[in-house]
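Topology and contacts: notes
Residue strings, one per chain:
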Amino acid sequence: MYKVVIGLEVHCQLKTNSKNFSPAPNEFTEAHNINVAAVDLGLPGILPIANKEAVKKALFTSMALHCDLPDEIIFDRKNYYYPDLPKGYQITQNTKPVGVNGYLDVIVNGKVKRVTLHDVHLEEDTASLEHYPKYSLIDYNRSGTPLLEIVTNPCIESADEAVAYLEDLRDLFLFLGVSEAKSNYGQMRCDVNISLMKDTDTELGTKVEMKNINAFNNVRAAIEYEIKRQTEVLESGGKVIQETRRIAEDGKTYSMREKVDAVDYKYFIEPNIPSTPVTKELLDELKESLPELKGDRYLKYIDKYNMSEYDAGVLSKQRDVSDYFEEVLESGVDTTLAVNFVTTAILSTLNKLEINISELFITPKMLSEVIKLVSDNKLSMDAAKKLLYEAIDKKTDPVELVKKEGLSQINDEDKLLELITGIMDENQEVVRQYVEDGNMSAVNFFVGQTMKKSNRQANPNISREIISKELERRKNNGK
Amino acid sequence: MHILDKSLDEIHEALKSGEVTSKELLEESLKRAHASQDEINSFVTICDNAKVYDVEDNVLSGIPYACKDNLSTRGVLTTASSNILNNYVPVFDATCIKKLKRNKAVMMGKTVMDELGMGGTGTTGHTGVVKNPWDTSRMTAGSSAGSAAAVSAGIVPYALGTDTGDSIRKPAGYCGVVGFKPTYGLVSRFGLFAFASSLDHVGCLTRSVKDAAYVIDAIKGKDEADMTTFNSRNIQLVDNYTTDVKGKKLFYIKEIVEELKNSPNKEYYENFMKVVDYCKECGMEIVSESIDEVILRSLYPSYMAISCAEATSNNSNLTGIPFGNRQDGSTTEEIMFNTRTKGFSELIRRRFVIGSFILQKENQEKLFLNAQRIRRLVVDKMTELYKKYDGCIVPNSESIAPKFGEKNDALSDTYLLFAEHLAISNFGGFPSITIPSGEVDGMPVAVNISGPIKHDSDVINMAAALEEKIGFIPLNMRGDK
Amino acid sequence: MIEIEKLKDYANKLMFDMNEEEYKTLQDEFEVILKQMDLIGQIPDIDKVSPMTFPFPNEDVSLREDEVGDYLTVSEVLENTTHQVNDQVKVPRVVGGDE
């Protein structure tokens, strides 16, 4: 058996209005070369102007990943020639990344795995190339997009761990609001380094690198395939070659190029971006706005609210849903009911309408009011859910609907008795069957009739009690 | 004498009084440019259709100027005198050009330079050698060669130049004009084709110190497009212009002046000492200060290391994709390779290899970082001296302009102290001005005055006071030339 | 002395070539600069000096507010190349690139 050693380098495009070093728009677009400033094209005479928001979001992410933060922001140049790199160098961070020595705790198959991070650095994306049989085309829209790279130590030991880490990292980006992290738009991309070693080995084996894998299931496939392939190579007495491979559609990996010697990127400090101090004020501001993260919320939901792992998982996964849920709780409503409503009625509506929770008509306050009606026994669960759907349909506050249409549950015993007496008078034969023949199904019949006559507003439990009492009374009277 | 030969103040007055029009000034300037082109070759492009402006209140309005060909000019060919950019037409203006346009200044041409700014002879531009208007068998030095020649020959009252080691000041001295490089960050570098970003400055070449004050006032200022610029509302060169410099304290660097003293031709030393006397006559104190000779001798290799390293990276964008003089190739890599092999001259390619070697991982500590350490030692020493003094004065060069063939751009072991002494002010970003100080063998010689950062006004004023004492007559004002 | 083969490799990595004579000149230049840099290395305590990147600290530096500003039109992007297809810059097929 071999020990698997995996390191991941994740590139994530940051969500900003403008690019990292130019004022061109940072947005995904189908039209070619429409979001390009002179800086992004590497024209002679250009100078990079660092984007404050990108720096803040980078620091924010580093902070959430428990990194040591730098005392100043400086950038470096990474020099190499490639057709998608118009300046001939990429502005990145080598001397002082925005974060070092961080970690992310990930739950893998019920256990906590701490993925330790080498560093987090802010850099710029390259232009994109489209390949045709005879030529390639360069589009500079992507050139200069702020990119955060998160580099783990070689501490990941399985495809499960790798994918769990990637999923949690994506959720973290979304939680922090720093990126949309859509892998189908290439907003989150992953380089995988993988090697195998014997348990008794002290040095890492020869590593294989797989670049720019977008979909997480491809990361899994690539890792699983490589483990199998490298194991076979080693078992048959062969040696793993240090190389770059790519994952193909058949789920197998294929060699792209062997690594000849390490490329020397000749890093040096970018002289056009003066050092900017990372002030205490800035750090305090960021710390203040740092939200409680997914993992912490998950544990809190289980420990404090006694939720099932499943519910805790669902409610902590997305920041907006989790925030919504917590706002509902803050109004003091019953936790179990809140969990029930959010995980069923609310989430299914979001799915059905394909909207975000922020776009949902029902605010946390509205939901709390409805939940209160249920816990005060004024409304059944069923009726409450129906009320919510109706409120969404009519775009009307559910409490208003209740007032206007009198949909509130009838709990008034006198009112119910009046209604029930009427129904029994109209159905003398069923009463007789109970009184004379002892037919107990008469109770259910009258509950059904009561609900029907009351437009399902009657409180079914109270109705049942009144019906039983009234039938007994008539039985005793008849004797 | 034509009005074009006068000071900016005087030309402005003539425009205002109607004695001359902007169109007439431009025509005279273009005529002179074309007439001298065969002989001195100052221009890559002469803008025969330049837009003229009516005179306004600001002094530069309606007056022609020339611009070094490494400043981006929208719609006007900008080559940096390199084959690799021989077809490049920028789509944006450099900030200094934008500001001059706003001042209604009239750009009449783009001047020849050493290729990509990397050279000090004026002989390496892709359109040929620039010759010294004083004596066409001599060089102008560079890299702002055409700008120095054009001002010296009277084609324009002023020209923009750029200065990484001494590229404005050296040719200014050899051509008998004023060359001023202000504090780093006073003038935006946006649109300057980068040579070595941490050393590059935009400045000007003029016929008088006051004219330099006008030009810099017009192009300076904090620029959103250049993070190294700073707010300079409190630096106003024209408003604070005075030749009353009584009580100012100057020093000269003893080791450099000693070397001049020991050179075979005593006239250079004598010229400098005469300027020292003038300083005293102006009411300034002047003494000599010593700087560790080991550090002075380290200037040249350190300058080479830093500038070549930054240059090789800065010019990595020149691949023929998506602009420039693209050569054929069957692969993209081949296109880049052929474009760069054919597009750069030999000197440039050698400098890039040196720069890249210096940046290699295994050499960085010993070469690049040690050069940056020398930079710190020199700048710290100067900053310490500037606490006691208002400025530093040194001979601009060890000789008059050399004849063609006497000097080339290959790295040499000789003339070490004088090879890069003006680069001290690039290392520290100090304001630094060169003014003519007289003649030797019928050719101009010059002195250079520098001061602490952001004290550009003091430097200008000390130079203005000396200019008055020296009474040098520019070439274009002389009947005999 | 640095071998010509090495210099050639360095040049090729910078995407150009030179002729033999040029490499010889370069070799001589390396002699000069390396000798001079050696002298710098011998300055006592030079390694204790902190390397200087910027001429002086800019106290007026501020990061750019995240707003969209001036940028180029498509025709400006393509102004300086004749090699274009469908508003993009055309090059021979790049092999081994990221698909």
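Per chain, residue numbering runs from 1 following the sequence as it is written. Following the order in which they are written, the chains are lettered starting with A and the ligands numbered starting with 1. Side-chain atom pairs in this predicted model are given and counted only at pLDDT of 80 or more, local residue features only at pLDDT of at least 70, and totals for whole chains, interfaces and linings cover all residues.

**Describing the overall build of chain C**
To keep things clear, this is the line we draw: Each helix is a run of H or I in the DSSP string that is no shorter than four residues. Each strand is a run of E no shorter than two, and both are numbered from the N terminus. Throughout, radius of gyration means the C-alpha value; the globule benchmark is 2.2 Å times the number of residues raised to the power 0.38. Buried residues are those with 20 or more other C-beta atoms within 10 Å of their own C-beta, exposed residues have 12 or fewer, and partly exposed residues lie in between; C-beta atoms are placed from the backbone.
Helix and strand content of chain C: three helices and two strands. Tracing chain C from N to C terminus, the helices and strands come up as α-α-α-β-β. The C-alpha radius of gyration computed for chain C amounts to 23 Å, which surpasses the reference 13 Å derived for 99 residues by more than 25%, pointing to a less compact arrangement than a globule. Overall size of chain C, expressed as C-alpha extent along the three principal axes, is 55 × 50 × 25 Å. The proportion of buried residues among the 99 residues of chain C is 27%.

**Let's talk about the overall build of chain A**
For clarity, the threshold we go by: The contact criterion used is a C-beta to C-beta distance within 7 Å, with each C-beta placed from the backbone.
Helix and strand counts for chain A come out as 16 helices and 15 strands. A total of 479 residues make up chain A; the buried ones form 41% of that total. Counted over contacts in chain A with a minimum sequence separation of 6, partners at least 24 positions apart contribute 67%.

**Section: the packing of helix H10 (residues 364-375) of chain A against helix H11 (residues 381-394) of chain A**
Geometrically, a packed helix pair is captured by the angle between its two axes and the distance between the axes. All names here are of chain A. Worth spelling out the cut-off: Fitted lines through C-alpha atoms serve as axes, helices being fitted only where they are in contact, and the angles separating the N-to-C directions of these axes extend from 0 to 180 degrees. Note that the term roughly parallel is reserved for angles under 35 degrees, roughly antiparallel for angles over 145, roughly perpendicular for angles of 65 to 115, and oblique for everything else. Put simply, a crossing is left-handed when the front helix is turned counterclockwise from the back one by less than a right angle, and right-handed when it is turned clockwise. In this classification, Asp, Glu, Lys and Arg are treated as charged, Ala, Val, Leu, Ile, Met, Phe, Trp, Tyr, Cys and Pro as nonpolar, and every other residue, Gly included, as polar.
With their axes 9 Å apart at the nearest point, H10 and H11 run at an angle of 160 degrees to one another. One way to sum up the angle between H10 and H11 is to call them roughly antiparallel. In the crossing of H10 with H11, the sense of the turn from one axis to the other is right-handed. Of the residues in H11, those touching H10 at Val370, Leu373 and Val374 are Met381, Ala384, Leu387 and Leu388. Classifying every residue of the contact of H10 with H11 gives seven nonpolar, no polar and no charged.

**Here we look at the interface of chain A and chain B**
At the interface, 25 residues of chain A touch 33 residues of chain B. Elements represented by at least two residues in the side of chain A that touches chain B include exactly helix H1 (38-41) and strand S3 (76-79) of chain A. Its residues assigned to classes, the side of chain A that touches chain B shows 16 nonpolar, five polar and four charged.

**Let's talk about the interface of chain C and chain B**
Listed as interface residues are 41 residues of chain C and, on the opposing side, 58 residues of chain B. Elements represented by at least two residues in the side of chain C that touches chain B include exactly helix H1 (4-13), helix H2 (20-41) and strand S2 (88-92) of chain C. Ranked by residues supplied to the side of chain C that touches chain B, first place goes to H2(C) with 10 residues. Class assignment of the residues belonging to the side of chain C that touches chain B gives a composition of 26 nonpolar, nine polar and six charged.

**Focus on the environment of Asp68(A)**
All names here are of chain A. Inspection of the secondary structure assignment puts Asp68 in the loop between helix H2 (52-64) and strand S2 (72-73). It is 8.2 Å that separates the C-alpha atoms of Asp68 and Val98, two residues lying 30 residues apart in sequence. Among residues more than four places away in sequence, those in contact with Asp68 are Gly99, Val100 and Asn101.

**Points about the domain arrangement of chain A**
Under the convention used in this document: Each domain span listed reflects an automatic or database assignment of domains.
Parsing chain A into structural domains produces domain 1 (2-281), domain 2 (292-405) and domain 3 (413-478). Measuring from the centre of the C-alpha atoms in domain 2 of chain A to the corresponding centre in domain 3 of chain A gives 35 Å.

**Thoughts on the nonpolar core**
Put simply, the rule reads: Note on terminology: a nonpolar core is any set of buried Ala, Val, Leu, Ile, Met, Phe, Trp, Tyr and Cys residues joined through C-beta atoms within 7 Å.
In this structure, Val192(A), Tyr65(B), Ala159(B), Leu205(B), Ala212(B), Ala305(B) and Ala463(B) are the most contacted members of the largest nonpolar core, which totals 251 residues. The biggest single contributor to this core is helix H9 (residues 293-314) of chain B, with 10 residues. In contact with Leu205(B), other than residues within four places in its own chain, are Ser144(B), Ser147(B), Ala148(B), Val151(B), Tyr158(B), Ala159(B), Gly161(B), Ile168(B), Ala172(B), Val177(B), Val178(B) and Gly179(B). Of all hydrophobic cores here, the second largest spans 29 residues; its members include Val333(A), Ala338(A), Leu367(A) and Leu388(A).

**Description of the environment of Lys280(B)**
All names here are of chain B. Looking at the secondary structure, you find Lys280 in helix H8 (residues 266-281). With 11 C-beta atoms counted inside 10 Å, the residue Lys280 sits in the exposed group. In this structure the C-alpha to C-alpha distance between Lys280 and Val257, which are 23 residues apart in sequence, comes to 17 Å.

**Things to note about helix H12 (residues 361-388) of chain B**
Stated precisely, the cut-off is as follows: Under the convention used throughout, the expected extent of a helix is 1.5 Å for every residue step, that is, one less than its residue count. Note on bend: the value at a residue is the angle between axes fitted to the seven residues ending there and to the seven starting there.
Taking 1.5 Å per residue, 28 residues should reach 40 Å; H12(B) reaches 40 Å between its end C-alpha atoms and fits that length. The largest bend along H12(B) reaches roughly 30 degrees and is located at Asn370(B).

**As for the sheet that holds strand S6 (residues 158-163) of chain B**
Residues and elements named next belong to chain B. Definition in use: Pairing between strands is defined by DSSP: at least two bridges between the two strands are required.
Strand order in the open sheet formed by 11 strands is S1-S3-S2-S6-S8-S7-S12-S13-S11-S9-S10, with mixed pairing between adjacent strands. Each edge of the sheet is formed by a strand with only one pairing partner; in this case those strands are strand S1 (43-46) and strand S10 (285-289). Shown here is a sheet whose adjacent strand axes are inclined to one another by a mean of 30 degrees, direction ignored. Summarising the sheet, strand S7 (residues 178-181) and strand S12 (residues 432-440) pair through three bridges and their orientation is antiparallel. From the neighbouring strand, Phe180 faces S12, where its bridge partner is Ile433.

**Some details on the sheet that holds S3(A)**
All names here are of chain A. Taken in spatial order, the three strands make up an open sheet running S4-S3-S14, and their pairing is antiparallel. Two strands close off the open sheet at either side, each with one partner strand: strand S4 (89-92) and strand S14 (268-269). Of the strand pairs in this sheet, S3 and S14 are connected by two bridges, and their pairing is antiparallel. The residue of S14 that forms the bridge with Asp76 is Ile269.

**So, helix H6 (residues 209-219) of chain B**
All names here are of chain B. The element H6 is extensively covered by neighbouring structure, given that 11 of its 11 residues are classed as buried. For H6, the set of buried residues is Val209, Lys210, Asp211, Ala212, Ala213, Tyr214, Val215, Ile216, Asp217, Ala218 and Ile219. Within two residues after H6, Gly221 carries a phi angle of roughly 130 degrees, on the positive side.

**Observations regarding the pairing of strand S5 (residues 99-108) of chain A**
All names here are of chain A. Here S5 pairs with strand S6 (residues 111-124) via nine bridges, running antiparallel. Counted as the bridge partner of Gly99 is Val120 from S6. In this structure, the hairpin formed by S5 and S6 is closed by a connection of two residues, where Asn109 is found at a positive phi of approximately 50 degrees.

**Side note on unusual backbone geometry**
Residue Gly142(B) is joined to Ser143(B) through a cis peptide bond whose omega torsion reads 10 degrees. Phi at Lys395(A) is positive, roughly 50 degrees, even though this residue is not glycine. The topology assignment puts Lys395(A) in the loop between H11 and helix H12 (398-405). Take Lys395(A): there are 7 C-beta atoms within 10 Å of it, and that puts it in the exposed class. Residues other than glycine seldom take positive phi values, yet Ser81(B) does so here, at roughly 55 degrees. Inspection of the secondary structure puts Ser81(B) in the loop between strand S2 (64-68) and helix H3 (95-102). Taking the C-beta count within 10 Å as the criterion, Ser81(B) has 32 such neighbours and is therefore assigned buried.

**Examining the packing of H9(B) against helix H11 (residues 346-359) of chain B**
All names here are of chain B. Where H9 contacts H11, the axes come no closer than 7 Å and their chain directions differ by 100 degrees. What the angle tells us is that H9 and H11 run roughly perpendicular. For the pair H9 and H11, contact is made by Ala305, Cys308, Ala309, Ala311 and Thr312 and by Arg351, Phe352, Ile354, Gly355, Ser356, Ile358 and Leu359, respectively. For the contact of H9 with H11, the per-class residue count stands at eight nonpolar, three polar and one charged.

**Side note on the environment of Val459(B)**
Residue and element names in this part refer to chain B. With respect to the helices and strands, the residue Val459 is situated in helix H15 (residues 456-470). Residue Val459 is classed as buried on the basis of its C-beta count, with 27 C-beta atoms lying within 10 Å. Separated by 164 residues in the primary sequence, Val459 and Ile295 place their C-alpha atoms 24 Å from one another. Once you skip the residues sitting within four places of it in the chain, Val459 turns out to touch Gly391, Pro431, Ile433, Ile449, Ser450 and Gly451.

**Some points on the confidence of the model for chain C**
The test is simple: The pLDDT score gives, residue by residue, the confidence of the prediction method on a 0 to 100 scale.
Mean pLDDT over chain C stands at 93; residues scoring 70 or higher make up 96%. Among the scores for the predicted complex, ipTM is 0.96 and pTM is 0.91.

**Structural notes on the pairing of S12(B)**
Alignment of S12(B) against strand S13 (residues 443-450) of chain B, held across eight bridges, turns out to be antiparallel. Of the residues in S13(B), the one forming a bridge with Ile435(B) is Val447(B).

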